[in-house]
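Structural description and commentary
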Amino acid sequence: MSRLDSFIRRLEAQRACLNHAASLIRGLDGEVLELGLGNGRTYDHLRELLADRTIWVCERRVAAHPDCVPPAELLLLGDMRQTLPNARSRLADRVALAHLDPATGDTVAGKALAAELGPLIVPLLRPHGVVVSEPALVTDGLAPLALPEGVEPGRYNLYRRVSCRSPA
Ligand SMILES: C[S@@+](CC[C@H](N)C(=O)[O-])C[C@H]1O[C@@H](n2cnc3c(N)ncnc32)[C@H](O)[C@@H]1O
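Let us look at the structure shown here. (Residues numbered from 1 in each chain as written. Predicted model: local features only at pLDDT ≥ 70, side-chain atom pairs only at ≥ 80, totals over all residues. Heavy atoms only, no water.)

Brief notes about the overall build of the chain
- From N to C terminus, the chain includes 5 helices and 7 strands.
- Mapped from its N terminus to its C terminus, the chain presents α and β elements in the order α-β-α-β-β-α-α-β-α-β-β-β.
- Expected size for 168 residues packed as a compact globule is a radius of gyration near 15 Å; at 15 Å, the chain falls within 12% of this value.
- Projected onto its principal axes, the C-alpha coordinates of the chain cover approximately 50 × 35 × 30 Å.
- Across the 168 residues in the chain, those meeting the buried criterion constitute 44%.
- A fraction of 63% describes how many contacts in the chain between residues 6 or more apart in sequence connect residues 24 or more apart.
- Element-wise, carbon and sulfur atoms account for 51% of the exposed surface of the chain, whose accessible area totals about 9,200 Å². (Helix = DSSP H or I, 4+ residues; strand = E, 2+ residues; numbered from the N terminus. Rg over C-alpha atoms; globule rule 2.2 N^0.38 Å. Buried < 20%, exposed > 50% of the residue type's maximum accessible area, 1.4 Å probe, protein only. Contact = heavy atoms within 4.5 Å. Areas by Shrake-Rupley, 256 points an atom, 1.4 Å probe, with all protein chains shown as cover.)

Quick look at the site of the ligand
- In the vicinity of the ligand, 17 residues are found, and the nearest of them are R41, T42, E59, M80 and D101.
- In this structure, G40 approaches the ligand through a main-chain N or O atom, which is 3.1 Å from an oxygen atom.
- Alone, the ligand offers 610 Å² of accessible surface; in the complex the protein occludes 84% of this.
- In terms of residue class, the shell around the ligand is made up of 5 nonpolar, 6 polar and 6 charged. (Near = heavy atom within 4 Å. Polar contact = N/O pair within 3.5 Å; in protein donor to acceptor, adjacent residues only side chain to side chain. Nonpolar A, V, L, I, M, F, W, Y, C, P; charged D, E, K, R; others polar.)

Considerations on the state of the cysteines
- This model, assessed by the stated rule, comprises 0 disulfides.
- As a non-bridged cysteine, C68 has C58 as the owner of its nearest cysteine sulfur, 17 Å distant. (Disulfide = S-S within 2.5 Å.)

So, the environment of G154
- Among the secondary structure elements, G154 is positioned in the loop between β6 (142–144) and β7 (157–161).
- According to the relative accessible area criterion, G154 is exposed, its value standing at 53%.

Observations regarding the side chain of T42
- With respect to the helices, strands and loops of the structure, T42 is situated in helix α2 (residues 41–49).
- Exposure remark for T42: the relative accessible area of 9% places this residue in the buried category.
- There is a polar contact of 2.5 Å between the side chain of T42 and the side chain of E34.

Quick notes on helix α1 (residues 3–24)
- In a regular helix each residue adds 1.5 Å, so 22 residues correspond to 32 Å; α1 covers 31 Å between its end C-alpha atoms and thus fits that length.
- Taken residue by residue, α1 has R10, A13, Q14, C17, L18, A21 and A22 as its buried positions. Projection of α1 onto a plane perpendicular to its axis shows the buried side chains occupying an angular sector of 165°, all on one side.
- In this fold, the buried residues of α1 make contact with α2, β4 (95–100), β5 (125–133) and β7. (Expected span 1.5 Å × (residues − 1). Arc of directions from axis to C-beta.)

Function-wise, these values are silent; they only describe arrangement.
Quick look at the structure:
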């Protein structure tokens, strides 16, 4: 497959998973967390899909399209490895949908970052909250969900927060 085809499939998978996740949280109150603003394309899509939700954004350095810059009060500016723990007092157990797209372009670095971020994202999620992510996340408290039709396994990933306490 050409790199162009692969890129297009990634974007199609990303959109399909975001659309599906939005429908999965329909009955679940809570806020939205965009992890990696980039150009602001997926932030803009989430704004359209979930117009009545508050969308928080984590980004190291804002360089988005001018129409897609989040309000300053909803921007967690800095490295997510620091801003996520700092956001716990405001966001613990409040996020219904998180989308992680740090896209390092380097598989090894992406996996290492995902291993660090997974345990920082879970405490912010509402019970049954949903995570849409690429790279994959392997962390206590997240169970994989079925992907929407047409999305190949591994191209994008969906999870739900489950209890990580063992039964009494
Ligand atoms: C691929 S872009 C996101 C693209 C976005 N989803 C879109 O559709 O336009 C990844 C973004 O994540 C940010 N990022 C990556 N690692 C980060 C980290 N550790 N902390 C904060 N931001 C990070 C980068 O600065 C970059 O802007």
